[in-house]
Amino acid sequence: MAETDPSDSPLTAKAQSCTARVSRIEHEGRAYWVKRQEKLSLRFRLQKGAADSAFERERTALHDLARAGAPVPEIVAEGPAFFVIPDLGPSLDAILRGQTDMDSAQRQRAFVDGAKALAGLHAQNLSHGRPSLKDICWDNGRVTFIDFENYDPRRNTLRGHGRDVVMFFFNGLAVAGRPTPELEIARDTYRAHDPGGVWEAAQSLARRLRWTNWLTKPIQMRREGKAKEFKAIPLTLAWFAE
C-alpha cells in the first residue's frame, strides 16, 4: 500500500490556511498550534534580523532536541513556512497570572515541575536560550519547552545554563511584580536539582549585570506598564544575591 503524503493531510491543509504568525486550530477533537514564518517590514528586519533564519533555527532545534530526548513538542505537520505542534497545556505565565482555574497548591506544583524540567534540561547539557514563563507549558505534571528561536548550540554550556536561570526568574518577577510562593518554590526546587554549579553561574551573571539597575533607575520610576521589566531588575539582582 502506498504511503500517504503528509502534505495532503487534513491537518496540514488547515495549517496552510492560517495567515497569522501563531494560530490555534482544532483537528479531530484536539487543539494544535500553527507557527508561521514571521513577515517583517524592512525596519523590523534591520532590528530583528532575517525572519526565515529564526524560523528555521527553531524548527531545526525542535527536531534536534526531540532526537536528544529533551522535553520539546513533536512537530506533527510542517511545510516550507510553517510547522504544527499539539497544544501542551497552559503556560507557567498563564498559571502565574491566575488565568487558569488552578488553586495555590496546583500552581506551586506546576512551578516545582517546571524548575525540575529546567534543571533536567541543563543536566542534558542543553540551554533553552530564553526560557520565559510563556515558553514553558504544563499539563498535569508534564512539562514541555517551546519557542526555540533563541536556541544556539554554542550556549549549551554552564554559562548558558546560568543565563537560562536568570532569564527564567527575571521574567517571573516581571510578570508577578514581586516574589511569589510559586517563584520561591521554583527557586528552592531548582537549587535542589542543580546539575552542578548552575546556580553559582547565575549568581555570577547577576553580579555582572548590577550596572543595569543604576542605568535604568529613571525608567523604573515610571508607572507605565512597559516599565515592569525594568522594575524587575532590582528584584532579580536581590533574588540571586542570597
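Our subject is the structure listed above.
S.K.: How would you summarise the packing of aromatic side chains if you had to cite specific residues and measurements?
M.R.: Under the definition given, this model contains seven aromatic pairs. Ring pairing ties together the aromatic residues Phe-168, Phe-169, Trp-199, Trp-239 and Phe-240, which thus form one cluster. It is Arg-187 that lies over the ring of Trp-239; its NZ or CZ is 4.1 Å from the centre. Over the ring of Trp-214 we find Lys-217; its NZ or CZ atom is 5.8 Å from the centre of that ring.

S.K.: Lay out the sheet that holds strand 1 (residues 22-27) in plain terms, naming residues and giving numbers.
M.R.: The sheet built from four strands is open, its strands ordered 1-2-4-3 with antiparallel pairing. The open sheet is flanked by strand 1 and strand 3 (77-79), the only strands paired with a single partner. With strand direction ignored, the average angle separating the axes of adjacent strands in the sheet is 25°. Across five bridges, strand 2 (residues 30-36) lies against strand 4 (residues 82-86) in antiparallel orientation. Bridge pairing in strand 4 links Lys-35 to Phe-83. Contacts from helix 1 (residues 10-17) reach strand 1, strand 2, strand 3 and strand 4, with the element oriented near 150° to strand 1.

S.K.: Summarise unusual backbone geometry; cite the residues concerned and give the values.
M.R.: The phi angle at Asn-125 is positive, at roughly 60°, despite the residue not being glycine. Mapped onto the secondary structure, Asn-125 falls in the loop between helix 5 (104-123) and strand 5 (136-139). Classification of Asn-125 by relative accessible area gives partly exposed; the value is 40%. Backbone geometry at Asp-147 places phi at a positive 60°, although glycine is not the residue there.

About the cut-offs
In this convention, every chain numbers its residues from 1, walking through the sequence in written order. Residue-level local features of this predicted model are given only where pLDDT is at least 70; pairs of side-chain atoms are given and counted only at 80 or more, and the full residue set underlies all totals for whole chains, interfaces and linings. Hydrogens and water molecules were not included; the side-chain quantities draw on all heavy atoms of the structure. A pair of aromatic rings is counted whenever rings of Phe, Tyr or Trp (Trp by its six-membered ring) have centres within 6.5 Å, and the orientation is called stacked for planes under 30 degrees apart, edge-to-face for over 60 and tilted otherwise. Criterion for a charge above a ring: Lys NZ or Arg CZ within 6 Å of the ring centre, and within 35 degrees of the ring normal. Here the rule is simple: two strands pair whenever DSSP picks up at least two bridges between them. Strands here are runs of E lasting at least two residues and helices are runs of H or I lasting at least four, both read from the DSSP assignment and numbered beginning at the N terminus. Lines fitted to the C-alpha atoms define the axes, with helices restricted to the stretch that makes contact. Angles between their N-to-C directions range from 0 to 180 degrees. Between two residues, a contact is recorded if the distance between any of their heavy atoms is within 4.5 Å. Residue burial is assigned from relative accessible area. The probe radius is 1.4 Å, only protein chains are included, and a residue is buried under 20% of its type maximum, exposed over 50%, and partly exposed in between.

In short, the description is geometric, and any link to function would need to be established separately.
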